[in-house]
Each structure stands twice: as structure tokens, then as C-alpha cells.
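# Topology and contacts: notes
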Amino acid sequence: MTQTITPSNLKATLSPKTIVRDRVEESTNPVAEFIQETLALTKRLFIQLQRRPSTLIAGVIQPMMWLLLFGALFYNAPQGLFGEEMSYGKFLAPGVIVFTAFSGALNAGLPVMFDREFGFLNRLLVAPLASRFSIVAASTIYIISLAFLQSLAIVGAAALLGAGLPNAAGLGAIAAIVFLIVLGVTALSLGLAFALPGHIELIAVIFVTNLPLLFASTALAPLSFMAEWLQVIASLNPLTYAIEPIRYIYLNNDWAISSVVMEAPWGSINFGGVLSILLAFDALVLLLIQPLLRRRFS
Amino acid sequence: MTSAVSIENLNKSYGTTVAVKDISFKVEPGEIFGLLGPNGAGKTTTIRCLCTLAKPDAGKVEVCGISVLENPRAVRQRLGYVAQEVALDKILTGRELLELQAALYHLGSSAAKERINQLLQLLGLEEYADRKTGTYSGGLRKRLDLAAGLLHQPDVLVLDEPTVGLDIESRFIVWDFLRKLREAGTTVLITSHYLEEIDALANRLAIIDRGVVIAEGSPSQLKDRLGGDRVTLRIREFSPEQEAQKAREILQNLPFVENVIINNSQGNSLNLVVTRGNSSLSKIEQTLEQIGLPTFSIAQSRPSLDDVYLAATGRTLMDAELAAAGTRDLKAEKKQQMK
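These figures come from a predicted structure and were not determined experimentally. (Residues numbered from 1 in each chain as written. Chains lettered and ligands numbered in written order. Predicted model: local features only at pLDDT ≥ 70, side-chain atom pairs only at ≥ 80, totals over all residues. Heavy atoms only, no water.)

### A word on the environment of Ile206(A)
Residue and element names in this part refer to chain A. Tracing the backbone shows Ile-206 in helix H10 (residues 199-215). In this structure, the C-alpha to C-alpha distance between Ile-206 and Ser-189, residues 17 residues apart in sequence, is 8.5 Å. If we ignore the near neighbours within four places in the chain, the residues touching Ile-206 are Leu-106, Asn-107 and Leu-110. (Helix = DSSP H or I, 4+ residues; strand = E, 2+ residues; numbered from the N terminus. Contact = heavy atoms within 4.5 Å.)

### Notes on H10(A)
Residue and element names in this part refer to chain A. Relative to the 24 Å expected for 17 residues at 1.5 Å per residue, H10 spans 25 Å between its end C-alpha atoms, a close match to the ideal helical length. Of all the residues in H10, the buried ones are Leu-202, Ile-206, Asn-210 and Leu-214. For H10, the arc enclosing every buried residue in end-on projection is 60°, short of the 170-degree limit, so these residues lie on one face. The outward face of H10, more than 90 degrees from its buried face, is lined by the exposed residues Ile-200, Phe-207 and Val-208. Contact partners of the buried residues in H10: helix H5 (88-106), helix H6 (109-118), helix H9 (168-195) and helix H12 (238-251). (Expected span 1.5 Å × (residues − 1). Buried < 20%, exposed > 50% of the residue type's maximum accessible area, 1.4 Å probe, protein only. Arc of directions from axis to C-beta.)

### Focus: the pattern of salt bridges
Where side chains of opposite charge bring their charged atoms close, a pairing between them can arise. Tallied over the full model, the rule gives 18 salt bridges over all chains. Between Arg44(A) and Asp115(A) there is a salt bridge whose closest N-O contact spans 2.8 Å. Placement of Arg44(A) in helix H3 (residues 30-51) and of Asp115(A) in helix H6 is noted, with a sequence separation of 71 residues between them. For the pair Arg44(A) and Asp115(A), a shared accessibility class is recorded, and that class is buried. With a shortest N-O distance of 3.0 Å, Glu31(B) and Arg204(B) are connected by a salt bridge. Linking Glu31(B) in the loop between strand S2 (17-27) and strand S3 (32-36) with Arg204(B) in strand S9 (residues 204-209), this pair joins segments that are 173 residues apart in sequence. You can call Glu31(B) buried: its relative accessible area is 8%. Here the salt bridges do not stand alone but share partners, grouping Arg44(A), Asp115(A) and Asp89(B) into one network. (Salt bridge = Lys/Arg side-chain N within 4 Å of Asp/Glu carboxyl O.)

### Some thoughts on the confidence of the model for chain B
On average, chain B scores 85 in pLDDT, and the residues at 70 or more come to 90%. Here residues 315-339 of chain B is modelled with pLDDT under 50, and outside its nearest four sequence neighbours on either side it reaches 37 contacts, counting other chains as well. (pLDDT = per-residue confidence, 0-100.)

### Here's the deal with the nonpolar core
Residues Leu14(A), Val182(A), Tyr250(A), Leu146(B), Val158(B), Leu178(B) and Leu189(B) are the most contacted members of the largest nonpolar core, which totals 168 residues. Domain assignment of the residues forming this core places at least three in each of domain 1 (5-217) and domain 2 (224-338) of chain B. Once you skip the residues sitting within four places of it in the chain, Val182(A) turns out to touch Ala101(A), Ala105(A), Ile143(A), Ile144(A) and Ala147(A). Counting 17 residues, the second largest nonpolar core, distinct from the first, contains Val231(B), Leu251(B), Val257(B) and Val260(B). (Core = buried A, V, L, I, M, F, W, Y, C linked by side-chain atoms within 4.5 Å. Domains from an automatic or database assignment.)

### Some thoughts on the packing of aromatic side chains
Residue and element names in this part refer to chain A. Scanning the entire structure with this criterion turns up ten aromatic pairs over all chains. The interplanar angle of 35° and the centroid separation of 6.4 Å between the aromatic rings of Phe-99 and Phe-102 together place this pair among those described as tilted. Here Phe-102 and Phe-99 lie together in helix H5, a separation of three residues that amounts to about one turn. Like Phe-102, Phe-99 is buried. Between the aromatic rings of Trp-255 and Phe-271, the centroid separation amounts to 4.9 Å while the plane-to-plane angle is 20°, which identifies the pairing as stacked. Of this pair, Trp-255 sits in the loop between H12 and strand S1 (260-264) while Phe-271 sits in helix H13 (residues 271-294), and the two are 16 residues apart along the sequence. Feature note: the residues Trp-66, Phe-70, Phe-99 and Phe-102 constitute an aromatic cluster, connected by ring pairs. Above the ring of Phe-91, the side-chain terminus of Arg-247 is found at 3.5 Å from the ring centroid. (Phe/Tyr/Trp six-rings, centres within 6.5 Å; stacked < 30°, edge-to-face > 60°. Lys NZ or Arg CZ within 6 Å of the ring centre and 35° of its normal.)

### Some words on the environment of Asn11(B)
All names here are of chain B. Looking at where Asn-11 falls in the secondary structure, it is placed in strand S1 (residues 5-14). With 201 residues separating them along the chain, Asn-11 and Val-212 place their C-alpha atoms 9.7 Å apart. If near-sequence neighbours (up to four positions away) are discounted, Asn-11 is found in contact with Val-20, Lys-21, Asp-22, Pro-56, Asp-57 and Ala-58. Reaching out from Asn-11, the side chain makes a polar contact with the backbone oxygen of Asn-9 at a distance of 3.2 Å. (Polar contact = N/O pair within 3.5 Å; in protein donor to acceptor, adjacent residues only side chain to side chain.)

What follows is the structure, encoded as C-alpha cells:
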């Protein structure tokens, strides 16, 4: 683009909008603005992914190793231990899908924390964002896309390992469940990224939450294997509510909203119930982090 | 006319540390206003409160008549902010960063494209636009950040220490650009601890020290307020101390001389503060002649912003005097302190 700068257009370029035009157009459509800023922030994350793909590569390799290693760990377990006609591979795949999505979502706060530490977040905070939830939305879109890619790889690998393949409706339901768990955990992680003093603290929190939540869920073993106190904890763990319905889908091609998918210590819960609990978890987290997003940084 | 920026009795503490105490100043539309002060004086805290990054504990902060507390979003639309530490995503290209910034300010895509091209061109960034910002030099980074701050045509551009760490050439590019910006009608608020930067750019300034405004006005007003001119006198190229003492005693009694300091580190030269006037130099020379002393060199100058700064931030003045002038005149110091 070759264009000479004449004093008049120099002035037009550098003058405040209020001088050049009669008045500042008042904000028109907050929904459109929210979408615009969310897409721009999402685009940034994808450009980063494209130019630094190692996170994605590691994120696909890791669950493959889980499948392989845990599968081999219980290879000689007695037949029928995990239920009639259920191999450990089939049992494990849903756990690995949910745990992988969960780990990715739990780490969602890290880039935001680094943005905060490098001052990049200030760029977002001094901008007239329609809502700071666009930062959460962008991260969720990014993490959910990664989680879908990972889940796809896991479902494929599990099928090759003999776990079978859910039908289209089943895959759709799995996607919905993965979405719900990723949304809540991503929001939680971003809330922490806004609240904690620095990335060291955030990594510490991720460290002490990640694996314990895995072991205190039904990802690796069914509730019936656990000590009673752990059963209680596992039944409070949101991961369990994502794993059990997916496991049910893997086991039953003819599932419905009313199908009982899990037996908690306090009663049986059907598919609809599990989804409601995940939704409630998401709503609670989004509500909780609201004051953190609004807070101005000191 | 509404002030571009109006800050009244701003207070801000972090825990038990008082960062800003009752700061007040106004920036008028179309001027470059400088906030001058040493590191840790409270400049950045003031800026953070202005840019809605920190919440004031007390006081009124307004941009174009809009309160930062009541309508932070409208304030953000009118402000451009260029932080001290340029925070760029080093994996994005310059153009990608500007596109992101344009979307955060909700520019339409064709308007954004046009503004981005104009600003890249104005700031001489065109050939770097499609390189990753991680490869940029300090000067390029600052220029890109300037472009980002101006995309949405703000009423007020706020720059925190805009030339810290820049080489001289980049510094002049930034200065030149800020002057152009003022000509085009954009109000500019800069903080700096470089005296010459504020002196070169600012129409008006406020000096902040330890969280308090201690002087406000145009550079020349502040210099005038300091009173006398500065005279540097050398009796010989290297004068013996006795001679310098003798000269000081005589000169101190002259009616227009306010203060005389012997500067040991400069070959016992004499630093005088004199009432402004044209005849001081010749009278000083005559006086010396009467007691049989020659004059090797003598020069008179207006006080610089440096002198304003030193006088206003007493603590630094002392330090500077201790370092620069070996002998101090306690009587004159007392006289000065009481002023």
C-alpha cells in the first residue's frame, strides 16, 4: 500500500474520534461486541497453537499412554471383574476421555496467568470489553476444541484396542458431557488465574488437584471397589458425573435420558440427573468467578 | 470546557503502603501533560487508577467528565494506554496484534484494516508488520504499542515512562510522534523521571514525590518560581581553596546574590544563585577585581527543570549537593530551607 501522508490525513489519523466525528458512536450491540472480542481472543489462542503445536501433540500422546499402560496394568485381572461383558479397556476409555479433558481445562488458567504476569492482560482490562466473560469464553472454545480432538483420538484408539465404538447419538452425548465438564473446570481455572498471586501458586493448585481428583473418581475403578469414605468423595466429584454416563453409553447402545447411569451411596441417578448436576456445577462456578473477573487488579 | 483528565484528592494504598496521597491535577484538552517524579513516587499508581486498572480508595478521577468508578467502560473507550513494560504476544505478528486490539475496541473489520495500515505507515512499521513481535527491537516494540494505543482514536493517550530503556534515536522518534499527536488534537498524559523529556514535551507538568504533588505548572512557570538565575564562576582554571573562600565572602554580601556554594570537585568553582538581571555578571567581575582576583570564566543561565526538580524534592537536592559540592554553606542552606 503506497500512500503519501499529507498533513491533512496525518491529522485525520491522529486526531481523537470526538474531534474528527461529531460524537462517539455509543456502543451499539453488546452481543455483537461480545462475539467480536471472543472470536478475536480465540483466534489468538489458535494462532499460538498453530505456531507452537507441542501442547497438542503431547496432549494426544498422553491419553494414548494412559490407555496402553493402565490397560496393561489390569491385563490379567479376573474376567468379569469390571462387570459382565466389560473388558478393562472398555471400562477405562471413558475415564481417560474425561480425565484428559479435565486436565486440559484445569490448565486453561495458565496462559491467562502468564498474560497477567507479562502485562498482556492489562491490554484486555483497559479495553472496553462488553464483558470480561469473553476471556473465559475464548479459553473455553479453545480448550473444548482441543478436548474434542483428544477425545476423538481416544475413542479411535480405544476402538482399536477392542473397546467398541458408540453410535452417532452416543458420540454426540459424549461431546455434550465433555463440553459441560470442560466449561466448568476452565472457568474455575481462569478464576484461579485471576485470584492467585502468580503462576507458581496456580501450578501448585493444579498439581494438588489433578491426580487426586483422578483417583477420587470412577475413572480407574468402579465405586464398588472403593472404601466407603472414598465412595462418598467420588460421588461428590464432578468427574464421576461425567465418566459414568459415558461409560453407560459405551456399555449400552440403547440409552435414554431416564436410564440409570450411576449408583451413588445415596441413590441411583439417571442420565438426565447427571446432566443436570453437571449443568449446576457449571452455573455455580461461573457465578463464583464473576466477582474475580470484575475486580480491578492491584 | 471539560478537562480531558481531572484528578481530585486521589488516595490509594496497597496494604499499609500509601502509594498516593491526595493527588490532584487537571489535564486540559490538546496539551501534553507530564507527571514527573522519581521511581516509586506514585506516578504509575495514579495512572493505574486513571486507566481503570486499580480502584481509587478515595477521590475523584474523571476522563472527559466521566467518572472511572461510575462508568469505567466509557472511560476505557476514550483512553489509550501505553504501559511502561510493552507487553506483546511474541508469537503474533505486529499486524495480528493490532487486529486483536482493534477487535477489543470493537472496530469494524474494514475500519480496522484502514487504521492499522495508516498507523503502521505513520510509525514506520510497515516492513516489520508481518514479522513476529518476538523479533522486534525495543524501539519497534514501543512504536507498535503506540499504534495499538491509538487504534480507536482515543481522546487521551496515557503513556507510562514512554522512553525508558530506548536508544536515543527511538526516543526522538517517540517524542516527535507525540508532538504530532498533540498537533492533531489528542491530549497526551505522560509520566517520566527524565527531566529533559518533560522539559522537551510537556505544556504543563506536576512533580510528584512520595505520593504527593509538590509542584504544578508550565516548565517556565516552575523555573521562574525558583527565582534567581544560576551563575557558574571560575576565578582560575583551578583556584586555590583560600581564594575561593575569599571570593565567596565578598560575593555573598552583594545585594543580588542569594547563595554561593564552592564546588570542590570542579576545581573550587563557585556556584551562585542571583536575582534575575542583566548586570550581575559585570558586577561580580568588578567586585572580584576590587580585591585583586581575576576571572577565568563566568556564565549565567536560567534555572533548568533539573533545578526545579532538585529544589522541589529536597531530599534529592541534598544528595546532589553532597555529591557535587564539597563545601556547603550552612547559613545559606538554612536561608533556603526557610523560603
